[in-house]
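# Summary of the model geometry
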Amino acid sequence: MSETTIRIPTPLRGFVGGRDQVAVPGATVREALAALTAGQESFHDRLFTAEGELRRFVNVYLGRDDVRRLGGLDAALPAGATLTLMVALAGG
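This report concerns the structure included in the present document.

### Description of the pairing of strand S5 (residues 82-87)
Note: strand S1 (residues 3-7) against S5, three bridges, orientation parallel. Bridge pairing links Arg7 to Thr84 in S5. Where strand S3 (residues 58-62) meets S5, five bridges bridge the pair, whose relative direction is antiparallel. When the sheet's bridge partners are listed, Tyr61 is paired in S5 with Thr84.

See below:
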């Protein structure tokens, strides 16, 4: 299984030791995000609903494409893929 690089936005870097990207195994978006959040329930809950779907304010891109348009969490990842996490921030 090849590794996928996941780019981490600043608000979530505390979950990954401050790193801006992390390499994880996974053949699908779901598997890669599961590997990213393994053992970190609060991180997992930040990204996913209780039903296991991405929260509305969490966007994941494979290259320039929103994974929701590529098959969602079950979209296959090519070898050497890069995912970018983006979270909407509220406030003012």
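### Brief notes about the sheet that holds S5
Note on sheets: strands pair through backbone hydrogen bonds, and any given pair is parallel or antiparallel. Judged by pairing direction, the sheet is mixed, and its five strands sit side by side in the order S2-S1-S5-S3-S4 without closing on themselves. Looking at strand neighbours, the two that pair on one side only are strand S2 (21-25) and strand S4 (65-66), the edges of this open sheet. Bridge count for S3 against S4 is two bridges, and the pairing is antiparallel. Across the sheet, residue Tyr61 finds its bridge partner in S4, namely Asp66. Lying over the sheet, helix H1 (residues 29-37) contacts S1, S2, S3 and S5, oriented at roughly 115° with respect to S2.

Parameters at a glance
Residues numbered from 1 in each chain as written. Predicted model: local features only at pLDDT ≥ 70, side-chain atom pairs only at ≥ 80, totals over all residues. Heavy atoms only, no water. Pairing = 2+ DSSP bridges. Helix = DSSP H or I, 4+ residues; strand = E, 2+ residues; numbered from the N terminus. Contact = heavy atoms within 4.5 Å. Axes fitted to C-alpha atoms, helices over the stretch in contact; angles between N-to-C directions.

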